[in-house]
Amino acid sequence: NRSIRLARRPHGAPVPEDFELAESAIPTPGEGQALVRTRYLSLDPYMRGRMSDAKSYAAPLEIGDVIIGGTVGEVVASNDPKLAVGDVVQNYGGWQDYSLTTSKEAYPVDESVAPASASLGILGMTGFTAYSGLLAIGKPQAGETVAVAAASGPVGSAVGQIAKIKGCRTVGIAGGPEKVAYLKEIGFDVALDHKEPDLRGRLKEACPEGIDVYFENVGGQVWDAVLPRLNTYARVPVCGLIANYNRTEAPSGPDRSAALMASVLTKSLTLRGFIQLEFVREMYRDFLRDTGQWVAEGKISYREDITEGLENAPETFIGMLEGRNFGKTIIKVAD
Ligand code: NDP
């Protein structure tokens, strides 16, 4: 059983030496457990947070731990009456070939709706993040303007397409001309490249009526450009701040928190952070029904960026944090 473990805590951007490939015996399922052979491993920005020991919403990984991660795999041995050999399930198997699970932690994957890998993206955690954050916090109304960055990624692309279904005008921000072209292809009304100069000016021009919902995935300079465009009563679901994840010190320049709070006050803004788990009980069923239907009807399309080989997970993860991925980042571990 090959696994990728945390060799040391990254300082700033992770480097290959922060990871190590280990070999161990394939585990034997105990009473009530099943053994799953991983087919696909999901790589997600939240994993960077777990590699640090800073206090957060979940416990950090310890040095030597297998890196956590959502997986899709096939049950190859089972002592759990609810999991049969041959079942395809989604579980949190981590960065390894085989994992142990139970029917309480593993969800059946319906391959008739979409290929199994989709349950790591549009029909899984990232799709649900977009759906729950946008609808429960963003509360988009028809005719409003919804903006999102990291817009070609699994969360952002779903946010834009769901907002469009809800009758909104959508503004997507992404890095580079290819990603911007893709945003237009999947129906964003406006697509802007944050790597080109003067995002603030271009955003002003593209949003003459301001922004009512800004789904925050990024922080940093994109947030600086968006803040002045927010309308009175704008809602900001704060989902992620990827521009900061590899930061080792506070940004330079004056402290702008007073100006931010003044905007929050005078424009009656709602900034509300969330971790998608908060909404699972309340919204997951509706999410699977709605999103499954939208995908089946072709109202939502999704893009995957699949790399072959577990051994390539560290390099692929490092690239994702730099924006080298184009679509949901997935490692194909086995057929
Ligand atoms: P993506 O696949 O979109 O990958 C991250 C993207 O972020 C990169 O491709 C890059 O896109 C963009 N990016 C990276 N650095 C910067 C930067 N400095 N400025 C602007 N853009 C940058 O990721 P996901 O869709 O999986 O996740 C999106 C966000 O949602 C992340 O912040 C993640 O942490 C968060 N998240 C939060 C959850 C929650 O429960 N709160 C759950 C899941 C995800 P580009 O090339 O376009 O710049």
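> Would you mind showing me how to read the site of the ligand here?
Taken together, 26 residues sit near the ligand, with Lys 179, His 194, Tyr 245, Gln 276 and Asn 325 positioned nearest. A distance of 2.5 Å separates an oxygen atom of the ligand from a polar atom in the side chain of His 194. Asn 217 places a main-chain nitrogen or oxygen 2.8 Å from an oxygen atom of the ligand. Expressed as a share of its isolated accessible area of 910 Å², the protein-covered part of the ligand is 90%. Those elements that provide at least two residues to the shell around the ligand are α2 (125-138), α3 (154-165) and α9 (313-321).

> Any chance you could explain the sheet that holds strand β13 (residues 270-273) here in plain terms?
As summarised here, the arrangement of the 6 strands in space is β10-β9-β8-β11-β12-β13, forming an open sheet in which the pairing is parallel. One side of each edge strand has no neighbouring strand; the edge strands of this open sheet are β10 (190-193) and β13. If you compare each strand with its neighbour and ignore which way they point, the axes differ by 15° on average. Note that strand β12 (residues 230-238) and β13 share 4 bridges and pair parallel. Within β13, the position partnered with Arg 235 by the bridge is Thr 270. Sheet contacts for α3: β8 (145-149), β9 (169-174) and β11 (211-215); angle to β8, the most-contacted strand, approximately 170°. Helix-sheet contacts for helix α5 (residues 199-206) involve β9, β10 and β11, and the interaxial angle to β10 is about 170°.

> Hey, could you run me through helix α8 (residues 280-296) in this one?
Side chains three or four residues apart in an α-helix point the same way, a direct result of the helix having 3.6 residues per turn. A rise of 1.5 Å per residue sets the reference length of α8, with its 17 residues, at 24 Å; its end C-alpha atoms lie 22 Å apart and thus fit the reference within 8%. A maximum bend of about 30° is found in α8 at Phe 287. Buried residues along α8 sit in contact with α2 and α3.

> Looking at this structure, I do not really get the packing of α2 against α8. What am I missing?
The relative placement of two packed helices is expressed as an angle between their axes plus a distance between the axes. Where α2 meets α8, the closest approach of the two axes is 10 Å, and the angle between their N-to-C directions is 110°. On the basis of the axis angle, α2 is roughly perpendicular to α8. Counted together, Met 125, Gly 127, Phe 128, Tyr 131, Ser 132, Leu 135 and Ala 136 of α2 and Val 280, Met 283, Tyr 284, Asp 286, Phe 287, Asp 290, Thr 291 and Trp 294 of α8 form the full contact between these two elements. Classifying every residue of the contact of α2 with α8 gives 10 nonpolar, 3 polar and 2 charged.

> Whenever I open this one, a nonpolar patch on the surface confuses me. Can you help?
A cluster of nonpolar side chains, contributed by Tyr 57, Ile 275 and Leu 277, occupies part of the molecular surface with about 300 Å² of accessible area. Take Tyr 57: its relative accessible area is 46%, and that puts it in the partly exposed class.

> Explain the state of the cysteines to me, please; I cannot follow it from the model alone.
By definition, a disulfide links the sulfur atoms of two cysteines through a covalent bond. This structure, assessed with the given rule, holds 0 disulfides. As a non-bridged cysteine, Cys 168 has Cys 207 as the owner of its nearest cysteine sulfur, 13 Å distant. Taking relative accessible area as the criterion, Cys 168 reaches 2% and is therefore assigned buried. Taking the relative accessible area as the measure of exposure, Cys 207 reaches 2% and is therefore buried.

> Quick question: what am I supposed to make of the layout of surface pockets here?
Rolled over the atoms, a probe sized like a water molecule indicates the empty space that remains. For the second largest pocket, the calculated volume is near 860 Å³. Together, 31 residues line the second largest pocket, and Gln 90, Tyr 107, Leu 123, Tyr 284 and Leu 288 are the ones closest to its centre. Breaking the lining of the second largest pocket down by element, the ones donating at least two residues are β5 (88-91), β7 (107-108), α2 and α8. Residue classes in the lining of the second largest pocket are distributed as 17 nonpolar, 8 polar and 6 charged.

Definitions and cut-offs
- Residues numbered from 1 in each chain as written.
- Predicted model: local features only at pLDDT ≥ 70, side-chain atom pairs only at ≥ 80, totals over all residues.
- Heavy atoms only, no water.
- Near = heavy atom within 4 Å.
- Polar contact = N/O pair within 3.5 Å; in protein donor to acceptor, adjacent residues only side chain to side chain.
- Areas by Shrake-Rupley, 256 points an atom, 1.4 Å probe, with all protein chains shown as cover.
- Helix = DSSP H or I, 4+ residues; strand = E, 2+ residues; numbered from the N terminus.
- Pairing = 2+ DSSP bridges.
- Axes fitted to C-alpha atoms, helices over the stretch in contact; angles between N-to-C directions.
- Contact = heavy atoms within 4.5 Å.
- Expected span 1.5 Å × (residues − 1).
- Bend = angle between axes of the 7 residues up to and from the residue.
- Parallel < 35°, antiparallel > 145°, perpendicular 65-115°, else oblique.
- Nonpolar A, V, L, I, M, F, W, Y, C, P; charged D, E, K, R; others polar.
- Patch = residues over 30% accessible without salt bridge, like charges linked within 9 Å, V, L, I, M, F, W, Y side chains within 5 Å.
- Salt bridge = Lys/Arg side-chain N within 4 Å of Asp/Glu carboxyl O.
- Buried < 20%, exposed > 50% of the residue type's maximum accessible area, 1.4 Å probe, protein only.
- Disulfide = S-S within 2.5 Å.
- 1 Å grid on protein atoms, 1.4 Å probe; cavity = no way out; pocket = protein on both sides within 12 Å on 5 of 7 lines; lining within 4 Å.
- Points joined across faces, edges and corners; volume = space filled by probe spheres on them.

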